[in-house]
Amino acid sequence: MSSDKPTQWHDDTLAVRAGFERSNVGEHAEPIYTTSSYVFETAAAAAARFGGEDPGNVYSRFTNPTVQTFEKRLAALEGGEACIATASGMAATASLVFGTMKQGEHMVVSRNLFGSTVNLLGKYPPRFGVEVDFVTGFDVQDWAKAIRPNTRFLYIETPTNPLMRVADIKAFATLAHENGAQLIVDNCFCTPALQKPLAFGADIVVHSATKFLDGQGRCVGGAVVGSKELIEELTGYMRSAGPSMSPFNAWVFLKGLETLSLRMKQHSINAMAVALALQSDPAIERVIYPGLAEHPDHDLAKQQQSDFGGVLTLELKGGREAAWSLIDSVKLCSITGNLGDARTTVTHPATTTHGRLTQEQRDEAGITEGLVRLAVGLEHAGDIIADVRQAIAHS
Ligand SMILES: Cc1ncc(COP(=O)(O)O)c(C=O)c1O
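Residues numbered from 1 in each chain as written. Predicted model: local features only at pLDDT ≥ 70, side-chain atom pairs only at ≥ 80, totals over all residues. Heavy atoms only, no water.

Colleague: What's the story with unusual backbone geometry in this structure? I'm lost.
Modeller: Where the residue is not glycine, phi is negative for most of them; where a peptide bond is considered, it is trans in most cases. Across the junction of threonine 158 and proline 159, the peptide omega takes the value -5°, indicating a cis bond. The topology assignment puts proline 159 in the loop between β4 (151-157) and α7 (169-178). Here the bond from asparagine 161 into proline 162 is cis, since omega is 5°, no more than 30 degrees from zero. Following the sequence through the fold, proline 162 ends up in the loop between β4 and α7. Even without glycine at this site, methionine 164 takes up a positive phi of about 60°. (Helix = DSSP H or I, 4+ residues; strand = E, 2+ residues; numbered from the N terminus.)

Structure below.
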């Protein structure tokens, strides 16, 4: 769906109004169109709609007004031409690869990605003749060496899950374009409220809407934002393959977008407070948060992001035993793999989100047993700090 972005509107206005046209009922809030199909006046009208001569809704596997409102709003916020919503974040990446790539093409993929993305891209595209090479870290020279004449995409996530490393989007976009390729950025951790990859030259943004776009841990969904041409191609794929977003989930994400920038500001304030408070704790080897001056990518994050986001990772001195013990002792934080929730979540990446990787893959990505990821929520920062401190004291 195209963004219909009124160019004069600021992001805060787009977040609550873009993409929505009131029907003749006069509703103020966006309705949820829970309909699987649409009715046509005549057989000829149905044929014209199915054939694409008459634009409009055909079947909710690939067109639904509530989903389209979400698509237009997210495209507007990312500054993209168009967007397609998907059933999950993984479905966004899978649709992008399987809906656009051809046998014989190649992609260069970051080793520092969410575990399921590593699994998806490492395992399935090669079965269909798409070649994939992984690169550890974000040294552009290393990436340049991996590029081949048939390279179609470079794929990065920034900041990364869970080590919060930051890739220079502008440098990666330049590298991609110099080699006739396109840059895909997973913008899940920052969201368009803190970072706009397309403005730095990226070609495509993918999202897990499940995280901060929802913001309250209610629904699973995803999206791809890019050119009109790309989204048209993916709409064709959606029509055939069907990994579509439900209208109800789209409505929940629309409500999430309305408060996104307020929430991202508060997540960032809280995460910074937690990072600073825990920095001096003797049980902690290091607090990994791009907002801290000693984080290796602090300066880059400052240039590229408007704030540092809600996720930080602790490296505990006592390895897995200390990490699990902290997790088992929290009273306020929730032990769950999700992030981007109003409630602070605590996760052991090595045995959960990155547990399906091989030990070698985890070693390469720097996912050690002592890491504990905190996705800092919207509770009072003092309560979150007190909970983690008491958990460390009990462990
Ligand atoms: C950075 C990142 N990208 C993509 C995904 C996948 O999203 P979903 O769980 O909505 O499929 C996740 C999930 O944790 C993630 O953290």
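Okay, back to it.
Colleague: Whenever I open this one, the site of the ligand confuses me. Can you help?
Modeller: In the region of the ligand, 13 residues are neighbours, and Gly89, Asp186, Ser208, Thr210 and Lys211 sit closest. A distance of 2.9 Å is found between an oxygen atom of the ligand and a backbone nitrogen or oxygen belonging to glycine 89. Aspartate 186 is positioned with one of its side-chain polar atoms (N or O) 2.6 Å from a nitrogen atom of the ligand. Surface burial for the ligand is 90%, taken as the share of its 390 Å² of free accessible area covered by protein chains. A breakdown of the residues in the shell around the ligand according to their chemical character gives four nonpolar, six polar and three charged. (Near = heavy atom within 4 Å. Polar contact = N/O pair within 3.5 Å; in protein donor to acceptor, adjacent residues only side chain to side chain. Areas by Shrake-Rupley, 256 points an atom, 1.4 Å probe, with all protein chains shown as cover. Nonpolar A, V, L, I, M, F, W, Y, C, P; charged D, E, K, R; others polar.)

Colleague: Whenever I open this one, a nonpolar patch on the surface confuses me. Can you help?
Modeller: Taken together, the side chains of Phe98, Tyr124 and Phe128 make up a nonpolar region of the molecular surface, amounting to roughly 280 Å² of accessible area. Note on placement: phenylalanine 98 falls in helix α4 (residues 89-100). Looking at phenylalanine 98, the relative accessible area reads 31%, which means it is partly exposed. (Patch = residues over 30% accessible without salt bridge, like charges linked within 9 Å, V, L, I, M, F, W, Y side chains within 5 Å. Salt bridge = Lys/Arg side-chain N within 4 Å of Asp/Glu carboxyl O. Buried < 20%, exposed > 50% of the residue type's maximum accessible area, 1.4 Å probe, protein only.)

Colleague: Is there a simple way to explain the sheet that holds strand β5 (residues 182-186) in this structure?
Modeller: Note: strands within a sheet are paired through backbone hydrogen bonds, in either parallel or antiparallel orientation. Across the sheet, seven strands lie side by side as β1-β7-β6-β5-β4-β2-β3; this open sheet has mixed pairing. Sheet topology places β1 (82-86) and β3 (131-135) at the edges, where each strand pairs with a single neighbour. On average, adjacent strands in this sheet sit at an angle of 20° to one another, irrespective of strand direction. Each of β2 (106-110), β3 and β4 is contacted by helix α5 (residues 115-123), which is oriented at about 140° to β3, the strand it contacts most. (Pairing = 2+ DSSP bridges. Axes fitted to C-alpha atoms, helices over the stretch in contact; angles between N-to-C directions. Contact = heavy atoms within 4.5 Å.)

Colleague: Please explain the packing of aromatic side chains as it appears in this structure.
Modeller: Tallied over the entire structure, the rule returns seven aromatic pairs. On the numbers, 6.3 Å between centres and 70° between planes, the contact of tyrosine 289 with phenylalanine 308 is edge-to-face. With a gap of 19 residues between them, tyrosine 289 in the loop between β8 (284-288) and α12 (298-304) and phenylalanine 308 in the loop between α12 and β9 (311-316) connect regions that are remote in the sequence. You can call tyrosine 289 buried: its relative accessible area is 0%. Pairwise contacts between aromatic rings join Phe138, Trp143 and Phe172 into one cluster. (Phe/Tyr/Trp six-rings, centres within 6.5 Å; stacked < 30°, edge-to-face > 60°.)

Colleague: What's the story with the side chain of glutamine 195 in this structure? I'm lost.
Modeller: By secondary structure assignment, the location of glutamine 195 is in the loop between α8 (191-194) and β6 (204-208). Assessed through its relative accessible area of 1%, glutamine 195 is described here as buried. Ignoring any residue separated from it by four or fewer positions in sequence, one finds glutamine 195 in contact with Glu78, Thr158, Ile169, Asn187, Cys190, Gln304 and Gln305.

Colleague: Just checking my understanding: could you explain the domain arrangement of the protein for this structure?
Modeller: How big an interface is tends to be stated in terms of accessible area lost as the parts join. Per the domain assignment, the segments of the protein are domain 1 (11-258) and domain 2 (260-394). On a C-alpha basis, the centres of domain 1 and domain 2 stand 27 Å from each other. In this assembly, 40 residues from domain 1 lie in contact with 40 residues from domain 2. Inspection of the domain 1/domain 2 interface yields two salt bridges. Notably, a salt bridge pairs glutamate 364 with arginine 111, separated by 3.2 Å at the nearest N-O pair. (Domains from an automatic or database assignment.)

Colleague: I'm lost on α7 in this one. Help?
Modeller: The periodicity of an α-helix, 3.6 residues per turn, causes residues three or four places apart in sequence to face the same way. Turning to α7, its buried residues are Ile169, Phe172, Ala173, Leu175 and Ala176. For α7, the angular spread of the buried residues around the axis is 160°, confining them to a single face. Those residues of α7 that are exposed and aimed more than 90 degrees away from the buried face are Lys170 and Glu178. On the buried face of α7, the contacting elements are α6 (140-146), β4, β5 and α12. Where α7 terminates, the next one or two residues include glycine 180, which has phi positive at roughly 70°. (Arc of directions from axis to C-beta.)

Colleague: Explanation requested: the nonpolar core in the structure shown.
Modeller: A general feature of soluble globular proteins is that nonpolar side chains tend to end up buried together. Of all hydrophobic cores here, the largest spans 59 residues; its most connected members are Phe70, Leu74, Trp143, Leu154, Ile156, Phe172 and Leu183. Tallying contributions element by element places helix α3 (residues 65-78) first for this core, with six residues. Each of two domains, domain 1 (11-258) and domain 2 (260-394), supplies a minimum of three residues to this core. In contact with leucine 74, not counting residues within four places along its chain, are Cys83, Pro192, His207, Leu213, Ala223, Val225 and Leu257. (Core = buried A, V, L, I, M, F, W, Y, C linked by side-chain atoms within 4.5 Å.)

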